[in-house]
Amino acid sequence: SVIRTNLDRTERKLTNKEIPGEIIVFLTKYGVGGSYSLPNRVIINITSKKSLIEILKHEIIHLLFEKEVQEKNNTQRDKEKLIDETIAKINSLL
């Protein structure tokens, strides 16, 4: 897909992490904008006012960094800051 191609091209420049070979995406009408579960599950609320593509990118980046975040015992605020900064870097390269 286009998302995967663009992320594959840039994520190695920003991290030394690889996107899982398969990401299982669940679509729902309930809950927050998106969530994730290791190793490769993403849930997206299709009624969100945010871009579904942006939610998907955000949750995939969470998957990439989650083990590192857990090891460092980061706060939720620090985790979201890391994810947002990484997405901003990716978007600047696209």
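Here, the structure is the one placed above.
Residues numbered from 1 in each chain as written. Predicted model: local features only at pLDDT ≥ 70, side-chain atom pairs only at ≥ 80, totals over all residues. Heavy atoms only, no water.

A. Focus on helix H2 (residues 52-72). Taking 1.5 Å per residue, 21 residues should reach 30 Å; H2 reaches 29 Å between its end C-alpha atoms and fits that length. If you look at H2, its biggest bend is around 55 degrees, right at Phe65. The opening residue of H2 is Ser51, an N-cap whose side-chain oxygen sits 3.3 Å from the backbone nitrogen of Ile53. Just downstream of H2, Asn73 is the residue with a positive phi angle, here 55 degrees. (Helix = DSSP H or I, 4+ residues; strand = E, 2+ residues; numbered from the N terminus. Expected span 1.5 Å × (residues − 1). Bend = angle between axes of the 7 residues up to and from the residue. Polar contact = N/O pair within 3.5 Å; in protein donor to acceptor, adjacent residues only side chain to side chain.)

B. Region of the structure containing the packing of H2 against helix H3 (residues 76-93). Where H2 meets H3, the axes come as close as 9 Å, and the angle between the chain directions of the two elements is 125 degrees. One element, H2, and the other, H3, form an angle in the oblique class. Taken as a pair, H2 and H3 cross one another with a handedness that is right-handed. Between H2 and H3, the contacting residues are Glu54, Lys57, His58, Ile61, His62, Phe65, Glu66 and Val69 on the first element and Lys79, Glu80, Leu82, Ile83, Asp84, Thr86, Ile87, Ile90 and Asn91 on the second. Looking at side-chain class alone, the contact of H2 with H3 contains seven nonpolar, four polar and six charged residues. (Axes fitted to C-alpha atoms, helices over the stretch in contact; angles between N-to-C directions. Parallel < 35°, antiparallel > 145°, perpendicular 65-115°, else oblique. Left-handed = near helix turned anticlockwise from the far one by under 90°. Contact = heavy atoms within 4.5 Å. Nonpolar A, V, L, I, M, F, W, Y, C, P; charged D, E, K, R; others polar.)

C. Representation of the pattern of salt bridges in the model. Applying the stated rule across the entire model yields three salt bridges. Between Glu54 and Lys57 there is a salt bridge, and its shortest N-O distance comes to 3.2 Å. With Glu54 and Lys57 both in helix H2, this residue pair falls three residues apart, about one helical turn. Given the relative accessible area of 10%, Lys57 is considered buried. Across the salt bridge formed by Glu68 and Lys72, the nearest N and O atoms sit 3.3 Å from each other. Of this pair, Glu68 and Lys72 are both found in helix H2, four residues apart, which corresponds to roughly one turn of the helix. What makes Lys72 exposed here is its relative accessible area of 55%. (Salt bridge = Lys/Arg side-chain N within 4 Å of Asp/Glu carboxyl O. Buried < 20%, exposed > 50% of the residue type's maximum accessible area, 1.4 Å probe, protein only.)

D. Inspection of H3 at higher detail. Between the first and last C-alpha of H3 there are 26 Å, a value that for 18 residues agrees with the 26 Å anticipated at 1.5 Å per step. If you check which residues of H3 are buried, you get Lys79, Ile83, Thr86, Ile87 and Ile90. Buried residues in H3, looked at end-on, bunch into an arc of 100 degrees, giving them a common side. Across H3 from its buried face, at more than 90 degrees, point the exposed residues Arg77, Lys81 and Ser92. (Arc of directions from axis to C-beta.)

E. Layout of the sheet that holds strand E2 (residues 34-37). Taken together, three strands build an open sheet; the order of strands is E1-E3-E2 and the sheet is mixed. Strands at the two margins of the open sheet, each flanked by one partner only, are strand E1 (24-28) and E2. This sheet shows a mean twist of 20 degrees between the axes of neighbouring strands, independent of strand direction. With four bridges joining them, E2 and strand E3 (residues 41-45) adopt antiparallel strand pairing. Note that in E3 the partner of Tyr36 across the bridge is Val42. (Pairing = 2+ DSSP bridges.)

Functional significance is not addressed by these values, which are geometric in nature.
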